[in-house]
Amino acid sequence: MEASVEHYRKVLKCDSTNVEAIACIGTHHFYNDQPEIALRFYRRLLQMGVYNAELFTNLGLCCFYAQQYDMALHCFQRALALASDENTADVWYNIGHVALGLGDTSLAYQCFKLALAANNDHAEAYNNLGVLEWRRGRGEQALACFQSSCHLAQHLYEPHYNIAAALEKIGNLQNSYKSVQTSLAAFPEHNDSKELLKQLEQHFAAL
């Protein structure tokens, strides 16, 4: 990633209006916990006339993590107004993600439902909805959501871990063990999965 960012910086030196380069560098700063710096690049795109749902979603996320909550709300409203059938689900998913960050699980639940209404194949929305279903004490619905997420996006580790954690809590240790191994195959450094695997192995060793 660092090499590609450096490449895009060189591109900007030659062409300061290269949209792809500006967007890439903005994304780099966002995922490196620098939302304020990312905002500068995304606002630059706005000034250049880029005006779409993806950009306003990114602006909304940056504003949220920079604790500019009123601006975040405005950006997500603009994103929804500009969204097409192809990206409405992503906008609702990201609003749900922000709602979780604010502790508003009821709003988050509705957002993930709306994301799935817009796109019934949205794996991340199924996973997050499953987490909220589990918190509401709806184990069967939660597991169904996690399984749908796994089926739609086998590369995701989160739903496999969530299945493993849920099964461990209800005593289905053998299948929990299988799921946590799948989670670690997708993301070997996931600490929660490693800890759960350790607990399961200790339990089996004690039998």
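Predicted, not measured: the structure shown is a model, and the values here were computed from it.

Rules used throughout
- Residues numbered from 1 in each chain as written.
- Predicted model: local features only at pLDDT ≥ 70, side-chain atom pairs only at ≥ 80, totals over all residues.
- Heavy atoms only, no water.
- Axes fitted to C-alpha atoms, helices over the stretch in contact; angles between N-to-C directions.
- Helix = DSSP H or I, 4+ residues; strand = E, 2+ residues; numbered from the N terminus.
- Left-handed = near helix turned anticlockwise from the far one by under 90°.
- Contact = heavy atoms within 4.5 Å.
- Nonpolar A, V, L, I, M, F, W, Y, C, P; charged D, E, K, R; others polar.
- Parallel < 35°, antiparallel > 145°, perpendicular 65-115°, else oblique.
- Buried < 20%, exposed > 50% of the residue type's maximum accessible area, 1.4 Å probe, protein only.
- Expected span 1.5 Å × (residues − 1).
- Arc of directions from axis to C-beta.

**Student:** Outline the packing of helix α6 (residues 88–102) against helix α8 (residues 123–135), supporting the account with residue identities and numerical values.
**Tutor:** At a minimum axis separation of 10 Å, α6 and α8 run at an interaxial angle of 35 degrees. Note on packing geometry: the crossing formed by α6 with α8 is left-handed. On α8, the residues that touch Tyr93, His97 and Leu100 of α6 are Glu124, Ala125, Asn128, Leu132 and Arg135. Considering only residue class, the contact of α6 with α8 consists of four nonpolar, two polar and two charged.

**Student:** An account of the packing of helix α2 (residues 19–31) against helix α3 (residues 35–47) is requested, with residue identities and associated values reported.
**Tutor:** Put simply, α2 and α3 touch, their axes get as near as 7 Å, and they point 160 degrees apart. Here α3 runs roughly antiparallel to α2, going by the angle between their axes. Seen from above, α2 lies across α3 with left-handed handedness. Contact with α2, carried on its side by Val19, Ile22, Ala23, Ile25, Gly26, Thr27, His29 and Phe30, involves Pro35, Ile37, Ala38, Phe41, Tyr42, Arg44 and Leu45 of α3 and no other residues of that element. When its residues are assigned to classes, the contact of α2 with α3 shows 11 nonpolar, three polar and one charged.

**Student:** Could you give an account of the environment of alanine 185, with specific residues and numbers?
**Tutor:** Examined against the element boundaries, alanine 185 turns out to sit in helix α11 (residues 173–186). Taking the C-alpha atoms as reference, alanine 185 lies 9.2 Å from histidine 155; in sequence the two are 30 residues apart.

**Student:** Go over the side chain of asparagine 128 with me, naming the residues and quoting the values.
**Tutor:** Tracing the backbone through its elements, the reader meets asparagine 128 in helix α8. Residue class for asparagine 128 comes out buried when judged on its relative accessible area of 13%. Apart from residues no more than four positions distant in its own chain, asparagine 128 is found in contact with Tyr93, His97, Leu100 and Phe112.

**Student:** Outline the environment of glutamine 147, listing residues and values.
**Tutor:** Within the secondary structure layout, glutamine 147 lies in helix α9 (residues 139–152). For glutamine 147 and asparagine 127, which are 20 residues apart along the polypeptide, the C-alpha to C-alpha distance reads 8.4 Å.

**Student:** Please set out helix α12 (residues 191–206) residue by residue, giving values where relevant.
**Tutor:** Over its 16 residues, α12 extends 23 Å from the first C-alpha to the last, a length consistent with the 22 Å expected when each residue adds 1.5 Å. Among the residues of α12, Ser193, Leu196, Leu197 and Leu200 are the ones counted as buried. In a view along the axis of α12, the buried residues occupy a sector of 100 degrees, so they form one face of it. Residues of α12 that are exposed and point over 90 degrees away from its buried face: Asn191, Ala205 and Ala206.

Everything listed is a geometric property; what it means functionally is a separate question.
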